[in-house]
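Structural features, examined
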Amino acid sequence: MIEAQSLTMRYGGRVTALDNLTVAVEPGVIGLVGANGAGKSTLIKLMLGLLTPTSGTVRVFELDATTEGEAVRARVGYMPESDALPPDLSAAEFVTHMARMSGLPRTVARERASETLRHVGLYEERYRQIGGYSTGMKQRVKLAQSLVHDPDLLLLDEPTNGLDPAGRDAMLTLIARIGEEFGIAVVVCSHLLGEVERICDTLVAIDAGRLLRADRIDAMTTQQGVLAVEVDEGTDILAARLADIGLRVAREDRLLLVPLESDRTYDTIMQVVADLELPLHRLDERRHRVAELFAQRTGEVAHADK
Amino acid sequence: MPTSDRGRGAAGVIHDIGYQRYTGVRLGRDYAVRSLYVHGVRTVFGLGRGPKAKIFPWFSASVLMLFAVIDVAVRAKTGTLPISYLNISRDGVLLVLLFLATAAPELVSRDLRNKTLPLYFSRPLERTDYILAKYAALVTGVFLVLAAPMFVVFLGGAFSLNGAHAVWREFTDFLGGLVWAAVVAVVESAVALLIASLLRRAAVATAVIAGYFLLTTGVGQAIGAIIGSDTGKNIGNMLSPPDVLEGLKKWAYRIPFTDIGGFGPAYLTVTVLMTAVAVALLLVRYRRVSV
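If you're wondering where the values come from, they're calculated on a predicted model, not measured in any experiment. (Residues numbered from 1 in each chain as written. Chains lettered and ligands numbered in written order. Predicted model: local features only at pLDDT ≥ 70, side-chain atom pairs only at ≥ 80, totals over all residues.)

Here we look at the overall build of chain A
We apply this condition: Put simply, DSSP marks the helices as runs of H or I at least four residues long and the strands as runs of E at least two long, and each gets a number from the N terminus on. Here the contact rule is simple: place C-beta atoms from the backbone, and any two residues whose C-beta atoms are within 7 Å are in contact.
Of regular secondary structure, chain A possesses 12 helices and 14 strands. Across its three principal axes, chain A shows a C-alpha extent of roughly 75 × 45 × 30 Å. Pairs at least 24 residues apart make up 68% of the contacts formed inside chain A by residues separated by at least 6 positions.

Dropping the structure here:
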């Protein structure tokens, strides 16, 4: 669905926002993660044809976003990162106007605006002026305007920006619903990996304009399972014995972490614990959080909160 | 509209009829531009907005309309028009300016300030479409506030004048007035919109537009006074859009006993240049504006 080929973007010939990025993703809920300034927003603007790449190409729905931007934009919805709403219009009026800008006839535009506002949870308040809305409500209006013309792809730039934890959860749930139930492909940009990994089925990580990794999220997590073993006593003895039989053991406080290399690892550990007659407190598989995968490659992505 | 219950399961809300894909017509770029134009004309008159947005446009329009009422009343008594069709833009110059200076920022400064442009430009319409639709909306607004009183004067004349010949002459005067209203609208809107497009704050943009029109008139008069003679006056008139237009009007409509001398073609050239440069800069401005 989206294909970037050697995509490079320099601003004013000096700042390199994207550096020879090649990536292809299939429809679904796609997380685009990276620290601030990694090139996420630039990539999105290139996909919309709002920017012309310095070199390379980006194709969306097999259309060249740079030369066939109009056709791409007809099928895409965009939610920018910054505030983008006129305070003196009501949400209903503004979203209707934006629907018409996307080519929906007048009456249909009004109907779909109400529908969409209902879907994002702003039905009762839709005739109030946007200026009086909370940040969370404004984010919902921004989402509604990107969704009102029923695009095939939504590009959401930091949709949880400025929201409190409850607001973030609600927004993420909504985005997941759009992807799963509405059947619309979604690209969610975020500098918070932990947030998007929950709802994405594909993850694209970029750092300093380069591709870090792009893969389906299940491929990223299952390969890297670890078993967490905790015994009430004899942790050291157990660690030594496991190391002896060739397992790579890591300590984390009272926990021993053993990479889950095959199904037999589990049985092996059980056997060793039983042989040593140690009181087993817990033995469970811990899904490696995607964050840890990236943390090994770059310290930035996982906890770049700024 | 048919309903589907695709969304019912997860949402768990009884009233939720689920999301429906839109399969109807999509009217594309031309329609979007036309819609933006209509939206712009409404914006110019504060329609679909609060009462505050209606104060200035309707004040200007009302006072200009008052001119027409006075015209009709005076002509009924004396038989002559105190303010001719062509002079409504001159005698109401401040009202037109007030209208322009408040409407142009409503059209463009607000979108800059509110950062709404990315939402437009991520849709099929192009940057050029956007600004030309806004320009057309402002031209329409200015034209309407000038043309409406002319229409009233004409109606008053049509009912009170005697003889087909007089009514026909009145009609041609009226048409001449409409053409003139269109010229004023095209020229002054371009300048006002360019200024507004460079300023994010609507109040500042209003002040700068008004300041530009008034100051250029003032400076022009000073130049005229310094140089002295009609030549000096005509040179001074080349700065301010309303003054240039006055000169052009005297020449184009062959108004007798004027002081424009041989400056007629110069007025025409300056008018065309002023408009062309303003529109060109507007297009450049919106090609460059970052989103």
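Let's pick the thread back up.
Let's talk about the packing of helix H7 (residues 127-160) of chain B against helix H8 (residues 164-197) of chain B
Pairs of packed helices are described in terms of their axes, by the angle between the two and the distance that separates them. All names here are of chain B. Here is the rule we go by: Every angle, taken between N-to-C directions, lies between 0 and 180 degrees, and every axis is a line fitted to C-alpha atoms, over only the stretch in contact when it is a helix. Roughly parallel means an angle under 35 degrees; roughly antiparallel, over 145; roughly perpendicular, 65 to 115; everything else is oblique. Each helix crossing is assigned a hand: it is left-handed if the near helix lies turned anticlockwise from the far helix by less than a right angle, otherwise right-handed if that turn is clockwise. Amino acids outside the nonpolar list (Ala, Val, Leu, Ile, Met, Phe, Trp, Tyr, Cys, Pro) and the charged list (Asp, Glu, Lys, Arg) are all regarded as polar, and Gly is one of them.
Interhelical geometry of H7 versus H8 gives an angle of 160 degrees and a closest axis separation of 8 Å. Here H8 runs roughly antiparallel to H7, going by the angle between their axes. For the pair H7 and H8, the sense of crossing is right-handed. Per-class residue counts for the contact of H7 with H8 are 20 nonpolar, three polar and three charged.

So, the sheet that holds strand S2 (residues 15-25) of chain A
Residue and element names in this part refer to chain A. Quick reminder of the rule: The pairing criterion is simple: DSSP has to find at least two bridges between the two strands.
Strands sit in the order S2-S1-S4-S5 across an open sheet of four strands; the sheet is antiparallel. Single-partner strands in this sheet number two, and they are S2 and strand S5 (63-64). Two strands pair when backbone bridges link them, and strand S1 (residues 2-11) and strand S4 (residues 55-60) are joined in this way by five bridges, in the antiparallel orientation. In the sheet register, Ala-4 faces S4, and the bridge partner there is Val-58. Sheet strands touched by helix H1 (residues 40-47): S1, S2 and S4. Its angle to S1, the strand with the most contacts, is close to 115 degrees.

With respect to the interface of chain B and chain A
Contacts between chain B and chain A engage 33 residues on the former and 31 residues on the latter. It is helix H2 (residues 28-44) of chain B that provides the largest number of residues to the side of chain B that touches chain A, a total of seven residues. Looking at the side of chain B that touches chain A residue by residue, the class counts come to 15 nonpolar, 10 polar and eight charged.

Focus: the environment of Asp-236 of chain A
As a reminder of what qualifies: Once C-beta atoms are placed from the backbone, each residue is buried if 20 or more other C-beta atoms lie within 10 Å of its own, exposed if 12 or fewer, and partly exposed for counts between those two.
Summarising the element assignment, Asp-236 of chain A is placed in helix H9 (residues 235-244). In this structure Asp-236 of chain A comes out as exposed when scored by C-beta crowding, with 10 C-beta atoms within 10 Å.

Digging into the environment of Val-277 of chain B
Residue and element names in this part refer to chain B. Relative to the elements of secondary structure, Val-277 occurs in helix H12 (residues 264-288). A residue is classified by how many C-beta atoms lie within 10 Å of it, and Val-277, with 13 of them, is partly exposed. Spatially, the C-alpha atom of Val-277 lies 18 Å from that of Leu-100, the residues being 177 residues apart in sequence.

A closer look at the sheet that holds strand S6 (residues 76-79) of chain A
Residues and elements named next belong to chain A. With respect to topology, six strands assemble into an open sheet ordered S6-S7-S8-S3-S9-S10, the strand pairing being mixed. Edge positions in the sheet fall to S6 and strand S10 (210-216), since each of these pairs with one other strand and no more. Adjacent strand axes in the sheet meet at a mean angle of 15 degrees, parallel and antiparallel pairs treated alike. Bridging between S6 and strand S7 (residues 153-157) involves four bridges; their strand directions are parallel. Residue pairing across strands places Met-79 opposite Leu-156, the latter belonging to S7. Across the face of the sheet, helix H5 (residues 135-147) comes into contact with S6 and S7 while running at roughly 165 degrees to S6. Along the sheet, helix H6 (residues 165-180) makes contact with strand S3 (29-33), S7 and strand S8 (185-190), crossing S8 at roughly 150 degrees.

Things to note about H12 of chain B
Residues and elements named next belong to chain B. Which entries qualify depends on this criterion: Here, expected helix span is obtained from the residue count minus one, scaled by 1.5 Å.
The end-to-end C-alpha distance of H12, which contains 25 residues, comes to 36 Å, matching closely the 36 Å that a straight helix rising 1.5 Å per residue would cover. Here H12 has its buried residues at Tyr-267, Val-270, Thr-271, Met-274, Ala-278, Leu-282 and Tyr-286. The elements touched by buried residues of H12 are H7, H8 and helix H11 (241-252).

Considerations on the confidence of the model for chain B
Residues and elements named next belong to chain B. As a reminder of what qualifies: Every residue carries a pLDDT, the predictor's confidence in it, which falls somewhere between 0 and 100.
Here chain B averages 91 in pLDDT, and 94% of its residues register 70 or above. Scored below 50 in pLDDT, residues 1-15 shows 17 contacts in the model against residues more than four places distant or in partner chains. As a predicted assembly, this complex carries a pTM of 0.83 together with an ipTM value of 0.86.

Overview of the pairing of strand S13 (residues 255-259) of chain A
All names here are of chain A. Burial along S13 is one-sided: Leu-256 and Val-258 are buried, while Leu-255, Leu-257 and Pro-259, pointing the other way, are not. In terms of strand pairing, strand S11 (residues 226-231) meets S13 through four bridges, oriented antiparallel. Along S13, the bridge assignment pairs Val-229 with Leu-256. Both strand S12 (residues 250-252) and S13 contribute to a ladder of three bridges, which runs antiparallel. Residue pairing across strands places Ala-250 opposite Leu-257, the latter belonging to S13. Here S12 hands over to S13 after two residues, with Asp-253 in that stretch at a positive phi of 55 degrees.

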